[in-house]
Amino acid sequence: MKLFVLFSLVSLALAKKTFFGDQVLTLYPTTQDQVELIRGYEDEIDFWNPGYPSQVHENSPVDVRIEKFQLMKFKRTMKDAGINFEVKIGDVQMAIDEQVEPRSNHPKALIGYNYDVYHTYDQINSWTMDMEQQYPTLVTRSVIGTSWEGRDIPMLTLKTSDSKPAMLVDCGFHAREWISPAFCQCYVQQLIDSEILNDLTIHVIPVVNVDGYEYTHTTDRMWRKTRSKRAGSICYGVDPNRNCDAGWSGPGSSSKPCSETYYGPEKESEPEVKAVADFIRANINSLKAYVTFHAYGQMILYPYSYTEGVAATKDNLDYYAVAAYNAVKTPYNTNYIYGPGATTIYLAAGGSDDFAYDAGVPLSYTIELRDEGRYGFALPERQIEPVCIETFNLMEVMHQGARDRANGIILE
Ligand code: 0X9
Ligand code: ZN
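Residues numbered from 1 in each chain as written. Chains lettered and ligands numbered in written order. Predicted model: local features only at pLDDT ≥ 70, side-chain atom pairs only at ≥ 80, totals over all residues. Heavy atoms only, no water.

**Q** Looking at this structure, how should I read the overall build of the chain?
**A** The secondary structure content of the chain amounts to 12 helices and 12 strands. Compactness check: the chain gives a C-alpha radius of gyration of 21 Å against a globular reference of 22 Å for 412 residues, within 12% of the reference. Seen along its three principal axes, the alpha-carbon backbone of the chain occupies a region of about 60 × 50 × 45 Å. Taking all 412 residues of the chain together, 56% fall into the buried category. Within the chain, counting contacts between residues at least 6 apart in sequence, those at least 24 apart form 75% of the total. On the chain, roughly 17200 Å² of surface is accessible, and the fraction owed to carbon and sulfur atoms is 53%. For the chain, the centre of its 37 positive side-chain charges and the centre of its 54 negative side-chain charges are spaced 4 Å apart. (Helix = DSSP H or I, 4+ residues; strand = E, 2+ residues; numbered from the N terminus. Rg over C-alpha atoms; globule rule 2.2 N^0.38 Å. Buried < 20%, exposed > 50% of the residue type's maximum accessible area, 1.4 Å probe, protein only. Contact = heavy atoms within 4.5 Å. Areas by Shrake-Rupley, 256 points an atom, 1.4 Å probe, with all protein chains shown as cover. Lys, Arg positive; Asp, Glu negative; His and termini not counted. Charge placed at Lys NZ, Arg CZ, Asp CG, Glu CD.)

This is the structure in structure tokens:
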């Protein structure tokens, strides 16, 4: 009997979390009282967009995932409080299941690496090795660090010769934002066929938060943070985008280890974050641009996010944001918004974009990829290809920005 109970407990712990019957609702609070009511759910519901309750504001929509067992009561409470809402995703598990196409049905299943599907950490890691083998003169694989759970964090450097100005592109800071690593992979493939490598060296980290990403494949699809675990806390993980040395522990980040925006026991406590920061510091003289990919919301954000204070080179940052806005719109009319993080999305200290900028990288951007909330984190695989195409267009603006900077051109 004891053994049976133990077995059940272990299998429960190992079981993959499911989201059957959970819904994503978009709430429309119009008064401060309504905002406070929604914020009060901090520990009970999953805030998708904005990512955490203190950023809920009057007259701006809020996407939240409500578990099946809470739904009836939650909807009644919203109605009683006069908060309008609509059901964005009727069944989160169905959306997750539909996100991934049956592999055998996929038209590209048998032709080389398939960039139009979501891959696991192991697949992505092997792909980095294959890329180096396949393009030995162009691609170099390195490992910038080791995660909390001991995984390698691989990086691909694409270059045609040494001593070119460089840019750093990373993906997968937040685990559940799967479209981000998917973009980094097709970006590398598109770079290989492009002329830009004659002018720039481009470093690409396809997944920063490797443990978190693996966890979203094995256990909890909606995991966001790292997977570190420290004595004295029952909760796992630190928000890697609150853990950087940029106004660390300031507004929009939490001291609570169980919070989705926990800033961690100290700055760069997370080995994944330290690996990226160390790379930026070590290459600060060559790095002209840094672009970090998140999801979702369709935004081009630039410093600052840890303060509402204006960045010294705001006009220059804004110049490429406007150009990028136009570029990303061209192929499929996808609408982005752009601006400083603090005023465009929310105040949030400890982010990698602000860190890179203050460390001396002149152009620094966070891109929130598709969509605007129709599928949110469960963006279907059929959207990977259009995201790759329109976002490469956006990146061509960033390449131009890095080249301009290298040539001492400061456009405003
Ligand atoms: O909150 C974040 O970290 C990012 N949004 S997300 O929904 N992907 O979590 C926005 C980051 C903007 N930049 C900084 N806060 N520095
Ligand atoms: Zn993110």
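Following the structure, the description resumes.
**Q** I tried to follow the confidence of the model for the chain on my own but got confused; where do I start?
**A** Fine structural detail should not be taken from predicted coordinates in areas where pLDDT scores are low. Counting all residues, the mean pLDDT for the chain is 94, and 95% of those residues have values of 70 or more. Low confidence marks residues 3-7, where pLDDT is under 50. Its contacts with residues over four positions away, or in another chain, come to 0 contacts. (pLDDT = per-residue confidence, 0-100.)

**Q** I'm lost on the packing of helix α9 (residues 314-329) against helix α12 (residues 384-406) in this one. Help?
**A** Two quantities define a packed helix pair, namely the angle between the axes and the distance from one axis to the other. In the contact formed by α9 and α12, the axes pass within 8 Å of each other and the chain directions differ by 150°. What the angle tells us is that α9 and α12 run roughly antiparallel. Crossing hand, α9 versus α12: right-handed. Counted together, Asn 316, Tyr 320, Ala 323, Ala 324, Ala 327 and Val 328 of α9 and Glu 390, Asn 393, Leu 394, Val 397, Met 398, Gly 401, Asp 404 and Arg 405 of α12 form the full contact between these two elements. (Axes fitted to C-alpha atoms, helices over the stretch in contact; angles between N-to-C directions. Parallel < 35°, antiparallel > 145°, perpendicular 65-115°, else oblique. Left-handed = near helix turned anticlockwise from the far one by under 90°.)

**Q** I'm lost on the environment of Asp 211 in this one. Help?
**A** Tracing the chain through its elements places Asp 211 in helix α7 (residues 210-218). Classification of Asp 211 as buried rests on a relative accessible area of 1%. Between the alpha carbons of Asp 211 and Ala 359 there is a distance of 26 Å; along the sequence they are 148 residues apart. Those residues in contact with Asp 211 that lie beyond four places of it in its chain are Ser 147, Trp 148, Glu 149, Arg 151, Arg 227 and Glu 272.

**Q** Help me understand the coordination of the zinc ion (ligand 2) in this model?
**A** Reference geometry at the metal: tetrahedral coordination by four donors gives ideal angles of 109.5 degrees; octahedral coordination by six donors gives 90 or 180 degrees. In this structure, His 174 (ND1), Glu 177 (OE), Glu 177 (OE) and His 294 (ND1) serve as the protein donors to the zinc ion (ligand 2), at separations of 2.0 to 2.3 Å. Mapped onto the sequence, the residues coordinating the zinc ion (ligand 2) show the spacing H-x2-E-x116-H. Of this pair, His 174 sits in the loop between β7 (166-171) and α6 (179-192) while His 294 sits in strand β9 (residues 287-295), placing them 120 residues apart in sequence. In this pair, the class of His 174 matches that of His 294, namely buried. (Donors = N, O, S within 2.8 Å, 3.2 Å for Na, K, Ca; no water.)

**Q** I tried to follow the packing of helix α5 (residues 121-134) against α6 on my own but got confused; where do I start?
**A** Running from amino to carboxyl end, α5 crosses α6 at an angle of 10°, the nearest separation of the two axes being 12 Å. On the basis of their axis angle, the class for α5 and α6 is roughly parallel. Packed against α5, whose contacting residues are Ile 124, Trp 127 and Met 131, the element α6 presents Pro 181, Cys 184, Gln 185, Val 188, Gln 189 and Ile 192 at the interface. Taken together, the residues of the contact of α5 with α6 break down into 7 nonpolar, 2 polar and no charged. (Nonpolar A, V, L, I, M, F, W, Y, C, P; charged D, E, K, R; others polar.)

**Q** Help me understand helix α4 (residues 92-99), please; the structure alone is not making it clear to me.
**A** Since the α-helix turns once every 3.6 residues, residues separated by three or four places project in the same direction. Taken residue by residue, α4 has Val 92, Gln 93, Ala 95, Ile 96 and Gln 99 as its buried positions. When α4 is viewed along its axis, its buried side chains cluster within an angular range of 160° and face the same direction. Buried-residue contacts for α4 involve β1 (23-28), β3 (62-66) and β4 (84-89). Capping the start of α4, Asp 91 holds a side-chain oxygen 3.0 Å from the backbone nitrogen of Gln 93, two or three residues further along. (Arc of directions from axis to C-beta. Polar contact = N/O pair within 3.5 Å; in protein donor to acceptor, adjacent residues only side chain to side chain.)

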